[in-house]
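Below, each chain spelled out in residue letters.
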Amino acid sequence: MQRTCAPCAVLLCITCDNHVMFFTKSTLVKDLVKEGSVEKLKKCFGTRMEFGTAGLRAPMGPGTSCMNDLTIIQTTQGFCCYLEHCFSDLQDRGVVIGFDARAHTASGGSSKRFATLAAAVFISRGVPVYLFSDITPTPFVPFTIVHLGLCAGIMVTASHNPKEDNGYKVYWENGAQIIPPHDKGISTTIEENLEPWPQSWDADGAIQSPLLKDPYQDAHKAYFAAIQKHCLHRDVNKKSEVKIVHTSVHGVGHSFVQAAFEAFDLHPPFAVQEQKDPDPEFPTVKYPNPEEGEGVLTLSFALADKEGAAIILANDPDADRLAVAEKQKGGQWTVFSGNELGALLGWWMFQCWKQNGEGDPKDVYMLASTVSSKILRAIALKEGFHFEETLTGFKWMGNRAKDLLEQGKKVLFAFEEAIGYMCSPAVLDKDGVSAAAIVGEMTSYLSTKKITLSQQLKAIYEEYGYHITKNSYFICHDQDTIHRLFERLRNYTGPSTYPTECGGVVVLAVRDLTTGYDSTQPDKKAILPTSKSSQMITFTFANGGVATMRTSGTEPKIKYYTELCAAPGNSDVTHLKAELDNLVDAIIEDFFQPKKNNLQPRSDF
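Small disclaimer: the values here were computed from a predicted structure and weren't measured.

### Considering the packing of aromatic side chains
All told, the structure shown has 25 aromatic pairs when counted by the stated rule. The interplanar angle of 85° and the centroid separation of 5.6 Å between the aromatic rings of Phe143 and Tyr223 together place this pair among those described as edge-to-face. Placement of the pair is Phe143 in helix 7 (residues 140-148) and Tyr223 in helix 10 (residues 216-227), with a sequence separation of 80 residues. Measuring from ring centre to ring centre gives 5.3 Å for Trp348 and Tyr445, while their planes differ by 55°; the resulting arrangement is tilted.

As structure tokens, this is what we get:
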């Protein structure tokens, strides 16, 4: 039903009296009504969160557009009904649910509370629930699905988003994030099950149910046994004198990375004490995202200087991403980009595979998202293994990896430029815990050769060709502006015409994964899946440059990813960087038009 909030004439999209009671009990709602905060109330109640392949992500608070007890129950009821339709053995196999340390005092919401309510919904339908008894990294949920043979999994986390946010991430029985058509199916069943079931609120009863199980110890033991298969230099690790600093950025990663280092017989990394323990306020950083670079690593730099450490590892709060920094001879720090670390890890995983002598490289695959560096393609061409590109997001790489594994192929590595790495097929998603241990081993091995990570990265580029990248974003909260910006590019000099040059550089090819157009294909139809719900256009230039513009699925950003791919032997890095800088400047001025569109650059955010 729909009701109007009389004091401020706001239309509330509510489905039953119980929902009205739930929201009007909220102190936050009462305060907003009392203050006459019409716009804030509209923002809370005017729309419903949309469930997609990324699940849900939104601020914690009251209303249908926010993460709260009611919207978690509604979402889980829909998900449960969808699973009942898909799996006749759901009540035999069950689901797993994990959570991070996020909490929102003002609304009373927290990841643990939401995870427990989700468990209550499933248990009310007789479905076994493996609910982690404590905070856990996101990768442990997909790992547990496969390890225990479950139907699905839920991770309650907002990853590296601002502290007010939370999220609801869904995995399928194959251990990968959901992809279409599951997202639409789940979304439909959510809409059909908005009325809370009688036992959905009974979190206390769920905790006492025999259907509730705790997978923590079993999953912990099995996970670290699985990743040890990728430890090939145990003797080197034991003797290593490399000093490493680790920060979990107030998230869940500390104890798990310590355990991963122990599993590899690496000396434990120095922990940044101020950021070691989970804290939902993230008090020492503006944004808890190590992808932002030096601003998040200030305390890590200080500890590394104090302890004489040359390497810093940083996880995001749910420990599925990893950033790495290295101290240079002059004392300055280099924070590797996601693409640079992807090059290092891809090279390392292939070297380890060769050392093991595990068969024909024609059966070996590496994957990367379409907006990530093409360096793996260059390595694959020379070394004889396969490289495949997928749409942006590990949901695509995880599912493709599963397909390849089922065909008997070897998937060594997958990565995305947003510091996400899959170094083990035991987890078909990005995993910052295993990646941390593998970087530790790679660093220790290279140190025995007196080679730094920076030197090895240069050697990779010298052998396979320099791949210079430059990525950033603009903030834009206005969907109409975003739509106009991209439609202008699709109708540049007339209907259905794209730019033919930018900054004097000829555009050789255009791929639009919003409309499904690809100028390189005989039928002009894109091979990769398309989606009209998000914007994404890729331009390939005559100078070896590639640029992709896309919207973010979880943040108000228009992102751009640019790369200049040089042939092996072209090692004039200064010239290559200048050429890419000029191209990026032209793309910003001609394609984004930030002044005209009132776009806020990253540096001002």
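Next comes the rest of the description.
### Remarks on the sheet that holds strand 16 (residues 364-369)
The pairing of strands in a sheet happens through backbone hydrogen bonds and is either parallel or antiparallel. Strand order in this open sheet of four strands is 17-16-18-19, and the pairing throughout is mixed. A strand with exactly one partner marks an edge of an open sheet, and here the two such strands are strand 17 (386-390) and strand 19 (420-422). On average, each strand axis in the sheet is tilted by 15° relative to the strand beside it, whichever way the strands run. In this sheet, strand 19 lies alongside strand 18 (residues 410-416) in antiparallel orientation, the contact comprising three bridges. Paired with Glu416 across the two strands is Gly420, which belongs to strand 19. Running at roughly 170° to strand 18, helix 15 (residues 338-356) makes contact with strand 16, strand 18 and strand 19 of the sheet.

### Looking at the UniProt feature "domain: Alpha-D-phosphohexomutase alpha/beta/alpha" (unreviewed entry) in the protein chain
The sites that UniProt annotates as "domain: Alpha-D-phosphohexomutase alpha/beta/alpha" (unreviewed entry) are residues 49-193, 222-328 and 338-464. The span residues 49-193 is 38% helical and 19% strand by assignment, and the distance between its end C-alpha atoms comes to 15 Å.

### Overview of the pattern of salt bridges
Enumeration over the complete set of coordinates arrives at 25 salt bridges. The residue Glu84 makes a salt bridge to Arg125 at a minimum N-O spacing of 3.0 Å. On the criterion of sequence distance, the pair formed by Glu84 in helix 4 (residues 69-86) and Arg125 in the loop between helix 6 (111-124) and strand 7 (129-131) is long-range, its members being 41 residues apart. Taking the relative accessible area as the measure of exposure, Arg125 reaches 31% and is therefore partly exposed. Through salt bridges with shared partners, a single ionic network connects Lys169, Asp316, Asp320, Arg321, Glu416, Asp429 and Lys430.

### Notes on the sheet that holds strand 15 (residues 333-335)
Pairing in this open sheet of five strands is mixed, and the strands run 12-11-13-14-15 from one edge to the other. Each edge of the sheet is formed by a strand with only one pairing partner; in this case those strands are strand 12 (270-271) and strand 15. Both strand 13 (residues 311-315) and strand 14 (residues 322-327) contribute to a ladder of five bridges, which runs antiparallel. Pairing of Ile311 across the sheet is with Glu326, part of strand 14.

### Here's the deal with the environment of Gly569
Turning to its location among the elements, Gly569 is positioned in the loop between strand 26 (557-565) and helix 21 (573-592). Overall, Gly569 belongs to the exposed group, its relative accessible area being 66%. Taking the C-alpha atoms as reference points, Gly569 and Tyr461, 108 residues apart in sequence, are found 9.1 Å from one another.

### Observations regarding helix 15
Compared with the 27 Å implied by 1.5 Å per residue over 19 residues, the 27 Å span of helix 15 between its first and last C-alpha is a close match. Burial of helix 15 is extensive: 14 of the 19 residues sit out of reach of the surface. Count one or two residues on from helix 15 and you reach Gly357, which has phi positive near 60°.

### Some remarks on the pairing of strand 4 (residues 95-99)
Within a regular strand, side chains alternate between the sheet's two faces. Of all five residues in strand 4, five are buried; the element is thus mostly enclosed. Every second residue of strand 4 is oriented toward a common face, with Val95, Ile97 and Phe99 on one face and Val96 and Gly98 on the other, all of them buried. Pairing analysis gives five bridges linking strand 4 to strand 8 (residues 152-156), with the strands arranged parallel. Bridged to Phe99 within strand 8 is Val156.

### A few points about the side chain of Thr75
With respect to the helices and strands, the residue Thr75 is situated in helix 4. Setting aside residues up to four positions removed in sequence, Thr75 forms contacts with Phe51, Leu56, Tyr168 and Ile190.

### Brief notes about the side chain of Thr136
With respect to the helices and strands, the residue Thr136 is situated in the loop between strand 7 and helix 7. On the basis of relative accessibility, which here comes to 0%, the residue Thr136 falls in the buried class. Residues contacting Thr136, with those up to four places away along its chain left out, are Gly98, Phe99, Met155, Val252 and Phe256.

About the thresholds
- Throughout this description, residue numbers start from 1 for each chain and increase along the sequence as written.
- Whole-chain, interface and lining totals are the exception, using all residues; otherwise, since this is a predicted model, local features are given only for residues with pLDDT of at least 70 and side-chain atom pairs are given and counted only at 80 or more.
- For the side-chain quantities, the full set of heavy atoms in the structure was used; hydrogens and water were omitted.
- Stacked, tilted and edge-to-face are the three classes applied to pairs of Phe, Tyr and Trp rings, where Trp contributes its six-membered ring and a pair requires centres within 6.5 Å; stacked means planes under 30 degrees apart, edge-to-face means over 60, and tilted covers the rest.
- Strands are runs of DSSP state E lasting at least 2 residues, helices are runs of H or I lasting at least 4, and numbering of each runs from the N terminus.
- Here, strands pair whenever DSSP counts at least two bridges between them.
- For helices, the fitted axis covers only the stretch in contact; all axes are lines through C-alpha atoms, and the angles between them, taken along N-to-C directions, range from 0 to 180 degrees.
- Only heavy atoms enter the contact rule, under which two residues are in contact if any of them lie within 4.5 Å.
- UniProt positions are given in the numbering used here, feature names are shortened, and annotations may be inferred rather than shown by experiment.
- By salt bridge we mean one thing: a side-chain nitrogen of Lys or Arg within 4 Å of a carboxyl oxygen of Asp or Glu.
- Burial classes: relative accessible area under 20% of the type maximum marks a residue as buried, over 50% as exposed, and values in between as partly exposed (1.4 Å probe, protein chains only).
- Expected helix span is given by 1.5 Å per residue-to-residue step, counting one fewer step than there are residues.

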